[in-house]
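Geometric and topological summary
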Amino acid sequence: MNILAIDTSTMISTVTIASNNEIIGDFNVNQQRTHSESLVPMIENLLELLGMNIKDIDAFVISKGPGSFTGLRIGMTVAKTLAQVNNKKLIAISTLEALANNSSSNYLKAPMMDARGNRVYAAVYDKDDKEIIKEDLYEIEDFVKLVDALDQEVELIGEISGKYCEYFKNAHTLPINFNNCIGKSLIRLGLIHINDNSNLFEISPNYLRKSQAEREYEKKNKV
């Protein structure tokens, strides 16, 4: 089975391909260009380097968010289009769950993504990848209280982990290779969920909050 995973939830464009439970290609590019300019060429180039065609892909995996509104829309549109045109399965995986899966330790894992304004998209998973603090948008102070109340050692995973590590009572950060580039984790989780029932047309990005345009509209029209 050949699986292609896509992540555009941050500034990093990621395309990863696995064949028969082995990662055979992984592209990760942090760049100033938009995902709309880079994503499709990355997919085409990786397939070409591997001597493959898009029709060789048996299933697609997409990170569904949270993350960049624009990035999530682009990645989801490309993944759904490829799956629909080629009549293949699409598996949607939480960006935070995939980030947590970058680590395989026995500690609690707290993936965090910057939501700006001292807010984070975050969750906590145990060593068996069970969610014990739900994925949500948190004020950093509120998330710290929830994590500290667990009274266990926790790994902070994500590019902003160093910024907030000292806020927590019993937390530590991980080396840079754990903090982004989740394509391989998407492949792993995609294989776990490969037999789940899913409706391509019901899959959508999980923003966890309204867009700035929606917030401004509601503010402007508030009575």
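Residues numbered from 1 in each chain as written. Predicted model: local features only at pLDDT ≥ 70, side-chain atom pairs only at ≥ 80, totals over all residues. Heavy atoms only, no water.

Some thoughts on the pairing of strand β1 (residues 2-7)
Using the following cut-off: Each residue's exposure class comes from its accessible area (1.4 Å probe, protein chains only) as a fraction of the maximum for that residue type: buried when under 20%, exposed when over 50%, partly exposed otherwise. Runs of E in the DSSP output that reach at least two residues are strands. Runs of H or I that reach at least four are helices, and both are numbered from the N terminus. When DSSP finds at least two bridges between two strands, those strands are taken to pair.
Within β1, six of the six residues are buried, which leaves it mostly tucked inside the rest of the structure. Of the two faces of β1, the one holding N2, L4 and I6 and the one holding I3, A5 and D7 are both buried throughout. As paired elements, β1 and strand β2 (residues 12-19) share six bridges and run antiparallel to each other. Following the sheet pairing, I6 is matched in β2 by V15. Hairpin connection from β1 to β2: four residues lie between these consecutive antiparallel strands. Two strands pair when backbone bridges link them, and β1 and strand β4 (residues 59-63) are joined in this way by four bridges, in the parallel orientation. By the bridge assignment, I3 is partnered in β4 with A59.

Quick notes on the sheet that holds strand β6 (residues 108-114)
Inclusion rule: Between the N-to-C directions of two axes lies an angle of 0 to 180 degrees, each axis being a line fitted to C-alpha atoms and, for a helix, fitted only over the stretch in contact. It only takes one pair of heavy atoms within 4.5 Å for two residues to be counted as in contact.
Reading across the sheet, the five strands line up as β8-β7-β6-β9-β10 and stay open at both edges, with mixed pairing between neighbours. Because the sheet does not close on itself, it has two edges, and the strands there are β8 (131-139) and β10 (171-173). On average, each strand axis in the sheet is inclined to that of its neighbour by 20 degrees, with strand direction left out of account. As judged from the three bridges shared by strand β9 (residues 154-157) and β10, these two strands associate in the parallel manner. Bridged to E155 within β10 is H172. Each of β6, β7 (119-125), β8 and β9 touches helix α4 (residues 140-150); the most contacted strand, β8, lies at about 160 degrees to it.

Quick notes on α4
To keep it simple, the criterion reads: This arc is built from the directions going out from the helix axis to the C-beta atoms.
Within α4, the full set of buried residues consists of I140, F143, V144, V147 and D148. Angular distribution of buried residues about the axis of α4 spans 130 degrees; they occupy a single face of the element. Exposed positions of α4 whose direction lies more than 90 degrees from the buried face are K145 and A149. At its buried positions, α4 is contacted by β6, β7, β8, β9 and α5 (161-164). Looking at the residues trailing α4, positive phi occurs at D151, about 55 degrees.

Remarks on unusual backbone geometry
For residues besides glycine, phi is generally negative; the peptide bonds are generally trans as well. With an omega of 10 degrees, the peptide bond between G65 and P66 qualifies as cis. Turning to its location among the elements, P66 is positioned in the loop between β4 and α2 (69-85). Despite not being glycine, R116 shows a phi value in the positive range, around 70 degrees. Although it is not a glycine, D129 sits at a positive phi angle of roughly 70 degrees. Following the sequence through the fold, D129 ends up in the loop between β7 and β8. For D129, a relative accessible area of 22% gives the class partly exposed.

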